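Architecture at a glance
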Amino acid sequence: MSRYTPPEQSKAGQIFDIVVVVVAIFVALWLPLKMGLAGAAKSIDALDAKTWEALGQNPTMASIWEKLGYTPETAHDIIQNRFHYVIDWPTLIIMAAVLIGYFVFLFRASDREYRDVINEKFDDK
Amino acid sequence: MTVTLEPAVHGDRVSLLRVLGPAHVWALGVGIVLVGEFTGWNFAADKGGALAALIVCWVVGLLYTSVAMIDSEVTSTVAAAGGQYAQAKHIVGPLMAFNVALFLVFAYTMLEVSDAILLGDTIVAKAGVEGLTHNSFIAATIVVLAWLNYRGVLMTLNVNFVITAIAYISIVILFFSVSPWTQGAVLKLNELVTPGNALPYGWIGVIAAFQFGIWYYLGIEGTTQAAEEVRSPARSLPYGTMAGMITLLIAAAMTWYVCASMMPWEYLGITYYPLWDAGKLTGSPLLENLLFIATLLAALASANGCINDAARAWFSLGRDRYLPTWFSAVHPKYRTPYRSILFLLPIALAFAFIADLNQAITFSILSGVLQYTFMSINIVMFRKKWPLGSIRRGYTHPFHPLPAIVLFCLCVVTFFAIFLGFGSQLIAMVAFYFLISLWFHFYRYRFVRRGDQFTMPWPKPQGY
């Protein structure tokens, strides 16, 4: 197999590639934050009666909350802020498809590249 | 045919320095991870309750034991900087290697960001001064640690060894100070974790808790990044990694027991400082101050190790031309990948100021789980391409392929756990990796020398 000689990349090309990677990193990490896609999907189940009993706290728990500086009113939003685990099947299917598609592409494309590497490495000998 | 283990060769350029021993490997792995006991693991209680946090502590411990076993075998054989990146390059292929390096850089950089936020928030909370923000503490932490990494790996990991040991001892001191053998005096587990609130969301909450259960141990696999800088990779890496894993399992169990016995699960699930809070609740100023200092030291040790690991992964990408070769420079005096350290510095700073703690943790966890999924498949391919006896392995892990199967199954469960509450973030991240992979495969790879990527002195893989 003939040895592959990569083209020399210009300085400007290298800088451009660095910029592409940096922009991609920021978009991937910053965009979900900006669009509100990051963070936990929780919501507060508000209660009318804000007492330790109504909040499901026994005397031991209530004494610890108070030691930490909380009252039933200030602890209400912490205790009642809950996850609501409802499986959204379309989203789950999309997520599974994206993940499986990603890994299938990774392994298939990697294998094509790997064969070139092995051929060049071992056919030289 | 058996081939002897030799370090990877990368031409005549200035190379990284081989100065580290098993204690440094332990310090690197445990140093990165131990902060997870001081914050992060407790968000598992938020997702599933206190008992769920304990269940995932054990089950995710099994996941990481598999990771440590698999990693020890492959890394003690592929002794090259970049850790899992170098493994992927030799076993799966260039595109996978490129992705794995990005997983590493994201996982460690976001972990570093989380550490810096934790450190800043802890100091601000302790100071209790109105108007004081965490920004200056975050900036100082990231910049000073980057400078330390710039100056040399030996000094960096010596510092890590000392501060990690102090942080670890503080957990042990707290554990024995609260009389763990008696209930009712300080610890009140029976009254705080009751049949009615142990699993507030049922078993779906246990699965959801896997996401933050990862935080008990995330980063232990970072020991492999030192492969090119340890004096004896075949001995030091398995010893250091396995000792680190045992250390962490003990610390995680002690941490859960003390914290779940001292705080209601709703509070435990949202606090940023569970161990420091436990110290406060004992009523002892000595323990309170000790846990405050230990929280800071654990954050520092973790951020320090993360800078070390992320920079080596980025450096490796440059060395193989996956990214511009400018990144592959080694400092002529300090023998560190200084350009990579400096390049990642502003990225970490930027995200420390725009993300909050649990978002940064989730970014880090996502990249970690993608990497573990790769590792479970990678070991099967490694054994298939180079069966036992065909090359010399520094360590051979037992029960293959059971650890790989366990690891893969637990990764699938963890993806589902992330979907429960953080699904949009997961899809956004995978979409990024997919797009950047297209960029690499169809454009960037043209600048890469083909055969030069394979640097191990191994025979041709079977099936090729």
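Bear in mind the structure is a predicted one, so any value in this text is a computation, not a measurement.

Points about the overall build of chain A
- Each helix and strand counted, chain A has 4 helices and 2 strands in total.
- Secondary structure elements of chain A occur, N-terminal to C-terminal, as α-β-α-α-β-α.
- Counting only C-alpha atoms, chain A reaches 80 × 35 × 30 Å along its principal axes.
- Burial status across chain A gives 18% buried among its 125 residues.
- Counted over contacts in chain A with a minimum sequence separation of 6, partners at least 24 positions apart contribute 61%.

Remarks on the packing of helix 1 (residues 22–33) of chain B against helix 8 (residues 153–177) of chain B
Residue and element names in this part refer to chain B.
- Interhelical geometry of helix 1 versus helix 8 gives an angle of 65° and a closest axis separation of 8 Å. When you trace helix 1 past helix 8, the crossing you get is left-handed. Contacts between helix 1 and helix 8 pair Ala23, His24, Ala27, Leu28, Val30 and Gly31 from the former with Leu157, Asn160, Phe161 and Thr164 from the latter.
- Residue composition of the contact of helix 1 with helix 8, by class: 6 nonpolar, 4 polar and no charged.

Notes on the environment of glycine 40 of chain B
- Among the secondary structure elements, glycine 40 of chain B is positioned in the loop between helix 2 (35–38) and helix 3 (43–48).
- C-alpha separation for the pair glycine 40 of chain B and isoleucine 270 of chain B, spaced 230 residues apart in sequence, amounts to 9.3 Å.

Digging into the environment of leucine 349 of chain B
All names here are of chain B.
- Mapped onto the secondary structure, leucine 349 falls in helix 15 (residues 338–354).
- Residue leucine 349 is classed as partly exposed on the basis of its 18 C-beta neighbours within 10 Å.
- Put simply, leucine 349 and threonine 109 are 240 residues apart on the chain and 9.7 Å apart in space, counted from C-alpha to C-alpha.
- Setting aside chain neighbours within four positions, we find leucine 349 in contact with Ala139 and Ile142.

Notes on the interface of chain A and chain B
- With 58 residues of chain A at the interface, the matching set in chain B holds 64 residues.
- When residues of the side of chain A that touches chain B are traced back to their parent elements, those giving at least two are helix 1 (11–34), helix 2 (59–67), helix 3 (72–79) and helix 4 (89–123) of chain A.
- Sorting elements by how many residues they give to the side of chain A that touches chain B places helix 4 of chain A first, with 22 residues.
- When its residues are assigned to classes, the side of chain A that touches chain B shows 40 nonpolar, 8 polar and 10 charged.

Topic: the UniProt feature "transmembrane region" (unreviewed entry) in chain A
All names here are of chain A.
- With numbering aligned to this structure, UniProt lists the feature "transmembrane region" (unreviewed entry) at residues 12–33 and 89–107.
- The span residues 12–33 is 100% helical and 0% strand by assignment, and the distance between its end C-alpha atoms comes to 31 Å.
- Secondary structure content for residues 89–107 is 100% helix and 0% strand, and the end C-alpha separation is 27 Å.

Some points on the nonpolar core
- If you look at the biggest cluster of nonpolar residues, it comprises 193 residues, and the most contacted ones within it are Ala53, Val56, Ala101, Leu104, Ala209, Ala310 and Trp314 of chain B.
- Once you skip the residues sitting within four places of it in the chain, alanine 310 of chain B turns out to touch Leu104, Val105, Tyr108, Thr109, Glu112 and Leu344 of chain B.

Describing unusual backbone geometry
Residue and element names in this part refer to chain B.
- Between histidine 400 and proline 401 the backbone carries a cis peptide bond, its omega angle lying at 10°.
- Its location among the elements puts proline 401 in the loop between helix 16 (357–385) and helix 17 (402–442).
- Residues other than glycine seldom take positive phi values, yet arginine 321 does so here, at roughly 70°.
- With respect to the helices and strands, the residue arginine 321 is situated in the loop between helix 14 (285–319) and helix 15.
- A residue is classified by how many C-beta atoms lie within 10 Å of it, and arginine 321, with 19 of them, is partly exposed.
- Here the phi dihedral of phenylalanine 399 falls at roughly 65°; this positive angle occurs in a residue that is not glycine.
- Summarising the element assignment, phenylalanine 399 is placed in the loop between helix 16 and helix 17.
- On the basis of neighbour count, phenylalanine 399 is assigned to the exposed category, with 11 C-beta atoms found within 10 Å.

Definitions and cut-offs
- Residues numbered from 1 in each chain as written.
- Chains lettered and ligands numbered in written order.
- Predicted model: local features only at pLDDT ≥ 70, side-chain atom pairs only at ≥ 80, totals over all residues.
- Helix = DSSP H or I, 4+ residues; strand = E, 2+ residues; numbered from the N terminus.
- Buried ≥ 20, exposed ≤ 12 C-beta atoms within 10 Å, placed from the backbone.
- Contact = placed C-beta atoms within 7 Å.
- Axes fitted to C-alpha atoms, helices over the stretch in contact; angles between N-to-C directions.
- Left-handed = near helix turned anticlockwise from the far one by under 90°.
- Nonpolar A, V, L, I, M, F, W, Y, C, P; charged D, E, K, R; others polar.
- UniProt positions renumbered as here; feature names shortened; annotations may be inferred.
- Core = buried A, V, L, I, M, F, W, Y, C linked by C-beta atoms within 7 Å.

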